[in-house]
Amino acid sequence: MQVTRIRLYPVKSFSGLDVDAAGVLPWGLEGDRRWAVVDPDGEPVTAREANGMLGLSATLDDAALVLSDGRHGSELRVPEPVGAAPIRVGHSRQGSALPADAAADAWLSDRLHRPVRLVWQPDPRVRSVNPAHGGHPDDRVSLADVGPLLLASESSTAQLNRWTDDGTPELDIVRFRPNVVVDGDPASPFAEDSWPFVQLGDVRFRVNGVCDRCVMTTIDPDTLARGKEPIRTLAKHRRWDGKTWFGVWLVPDLASSASPAVIRVGDAVVAG
């Protein structure tokens with residue numbers, strides 16, 4: 001097996017971007033989901049209710065974020081708000097974050113057609129992994145929902161598409177918002193469910209459990225239209241505990257003070 005894609009999501013719920021390599025820190029990939037959108041009361045705003053977020057993208061530029069609206073050809077550079085006063089945010093186990101400047105808020109509010117704010121997590125060491133999902137007390141995470149990284153398998157996606165082979169267009173793996181995509185064994189789809197550990201190149205990860213999937217996966221990443229897949233098919237084949245499941249959460253097996261390790265597209269994948 002090998003790593004076939006690596007994806008970053010600089011802003012939570014924005015579209016992702018493919019990279020050839022990424023630094024790995026105890027709380028996830030370097031630069032992944034340190035920014036998020038909140039409403040005026042600090043409650044998280046995600047693509048679950050604001051589909052238009054998936055039509056926006058962001059890249060990292062030194063100590064700044066570059067917001068992009070590819071549909072309208074607009075960009076905005078947002079510095080990290082290192083000197084801003086913290087505001088309360090509703091992300092569980094986070095407490096507060098630093099607000100971006102008013103220009104960023106106006107840019108986003110105009111595109112999402114509602115008042116929102118852009119916030120930045122200055123120190124991901126303060127937020128623990130959700131203990132309900134098997135996190136150890138010392139595990140840390142960015143502003144991702146559950147765990148530091150999500151791994152998805154091409155062989156599992158191929159099996160899902162075979163299950164939906166009724167005229168439904170093939171589902172792109174990006175619907176599942178993975179950080180790491182591996183090719184997997186075509187003869188053993190969903191083998192990742194039972195991996196206790198996986199090594200990507202030189203970096204070892206603990207597999208923290210299978211990911212339960214939400215309505216966000218039913219939004220076409222290109223058209224932003226909602227549909228019934230993949231939840232409809234997952235409910236037939238991958239439903240237990242009242243939820244549907246696809247992909248696995250990874251926790252890097254790194255010391256909390258470690259400098260970034262690196263994973264690359266083409267790295268060997270060893271499960272065990």
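Refer to the preceding data block for the structure.
Just so it is clear, the structure is predicted and the values come from calculations on it, not from any experiment.

So, how was this worked out
Residues numbered from 1 in each chain as written. Predicted model: local features only at pLDDT ≥ 70, side-chain atom pairs only at ≥ 80, totals over all residues. Heavy atoms only, no water. Helix = DSSP H or I, 4+ residues; strand = E, 2+ residues; numbered from the N terminus. Rg over C-alpha atoms; globule rule 2.2 N^0.38 Å. Buried < 20%, exposed > 50% of the residue type's maximum accessible area, 1.4 Å probe, protein only. Areas by Shrake-Rupley, 256 points an atom, 1.4 Å probe, with all protein chains shown as cover. Lys, Arg positive; Asp, Glu negative; His and termini not counted. Charge placed at Lys NZ, Arg CZ, Asp CG, Glu CD. Pairing = 2+ DSSP bridges. Axes fitted to C-alpha atoms, helices over the stretch in contact; angles between N-to-C directions. Contact = heavy atoms within 4.5 Å. Salt bridge = Lys/Arg side-chain N within 4 Å of Asp/Glu carboxyl O. Phe/Tyr/Trp six-rings, centres within 6.5 Å; stacked < 30°, edge-to-face > 60°. Lys NZ or Arg CZ within 6 Å of the ring centre and 35° of its normal. Polar contact = N/O pair within 3.5 Å; in protein donor to acceptor, adjacent residues only side chain to side chain.

J.: How do you make sense of the overall build of the protein when you look at a structure like this?
T.: Looking only at helices and strands, one finds three helices and 20 strands in the protein. Its C-alpha radius of gyration of 18 Å places the protein within 12% of the 19 Å reference for a compact globule of 272 residues. Counting only C-alpha atoms, the protein reaches 50 × 45 × 35 Å along its principal axes. By residue count, 51% of the 272 residues in the protein fall in the buried class. Accessible surface, the protein as shown: approximately 11,800 Å² in total, 50% of it carbon and sulfur. If you average the places of the 30 positive and of the 37 negative side-chain charges in the protein, the two averages end up 5 Å apart.

J.: Got a minute to help me understand the sheet that holds strand 8 (residues 64–69) in this structure?
T.: For sheets, the rule is that strands pair by backbone hydrogen bonds, running either parallel or antiparallel. Read across the sheet, three strands follow the order 7-8-9 without closing on themselves; strand pairing throughout is antiparallel. Of all strands in the sheet, those with a lone pairing partner are strand 7 (57–61) and strand 9 (74–79), marking the two edges. The average angle at which neighbouring strand axes cross in this sheet is 20°, direction not considered. As paired elements, strand 7 and strand 8 share five bridges and run antiparallel to each other. Within the sheet, the bridge partner assigned to Thr59 lies in strand 8 and is Val66. With respect to the sheet, helix 1 (residues 102–112) is in contact with strand 8 and strand 9, its orientation differing from that of strand 9 by roughly 145°.

J.: What am I meant to see in the pattern of salt bridges here?
T.: Where side chains of opposite charge bring their charged atoms close, a pairing between them can arise. Evaluation of the coordinates by the stated rule reveals 17 salt bridges. A salt bridge links Lys243 to Asp212; the nearest nitrogen and oxygen atoms lie 4.0 Å apart. With Lys243 in strand 18 (residues 243–252) and Asp212 in strand 16 (residues 203–212), the pair connects residues that are 31 residues apart, well separated along the chain. Overall, the relative accessible area of 38% leaves Lys243 in the partly exposed class. We classify Asp212 as partly exposed; its relative accessible area is 24%. Via salt bridges that share partners, Arg5, Arg7 and Asp18 belong to a single interconnected network.

J.: Looking at this structure, how should I read the pairing of strand 1 (residues 3–8)?
T.: Regular strands place their side chains on alternate faces of the sheet. The sheet contact formed by strand 1 and strand 14 (residues 180–182) spans three bridges and is antiparallel. Looking at the pairing, Val3 lines up with Val182 of strand 14. Pairing of strand 1 with strand 2 (residues 17–19) involves three bridges; the strand directions are antiparallel. By the bridge assignment, Arg7 is partnered in strand 2 with Asp18.

J.: Just to check I follow, could you spell out the packing of aromatic side chains for this structure?
T.: The geometry of two aromatic rings is summed up by the distance between their centres and the angle between their planes. Throughout the structure, instances matching the rule amount to five aromatic pairs. Considering the side-chain rings of Trp35 and Trp120, the 6.2 Å spacing of their centres and the 40° angle between planes classify their relative orientation as tilted. Here Trp35, found in strand 5 (residues 35–38), pairs with Trp120, found in strand 12 (residues 117–120); they are 85 residues apart in sequence, far enough to count as distant. By relative accessible area, which is 2% here, Trp35 ends up buried. Residues Trp240 and Trp245 carry aromatic rings whose centres are separated by 5.3 Å and whose planes lie at 5° to one another, so their mutual orientation is stacked. Grouping aromatic residues by their ring pairs yields a cluster made of Trp163, Phe176, Phe190 and Phe246. The side chain of Arg204 reaches across the aromatic face of Phe197, ending 3.9 Å from its centre. The ring of Phe190 has Arg238 lying over it, and the distance from NZ or CZ to the ring centre is 4.0 Å.

J.: Which parts of the structure should I look at to understand the side chain of Ser74?
T.: Inspection of the secondary structure assignment puts Ser74 in strand 9. A polar contact is formed between the side chain of Ser74 and the side chain of Trp107, at a distance of 3.0 Å. Residues within four places of Ser74 in sequence aside, it is in contact with Leu67, Ser68, Asp69, Trp107 and Arg111.

J.: Would you take a moment to explain the sheet that holds strand 6 (residues 44–45) for this structure?
T.: Judged by pairing direction, the sheet is antiparallel, and its five strands sit side by side in the order 6-5-12-11-10 without closing on themselves. Since the sheet does not close on itself, it has two edges, and those belong to strand 6 and strand 10 (87–88), each with one partner. Where strand 5 meets strand 12, four bridges bridge the pair, whose relative direction is antiparallel. Residue pairing in the sheet places Ala36 in a bridge with Val119 of strand 12.

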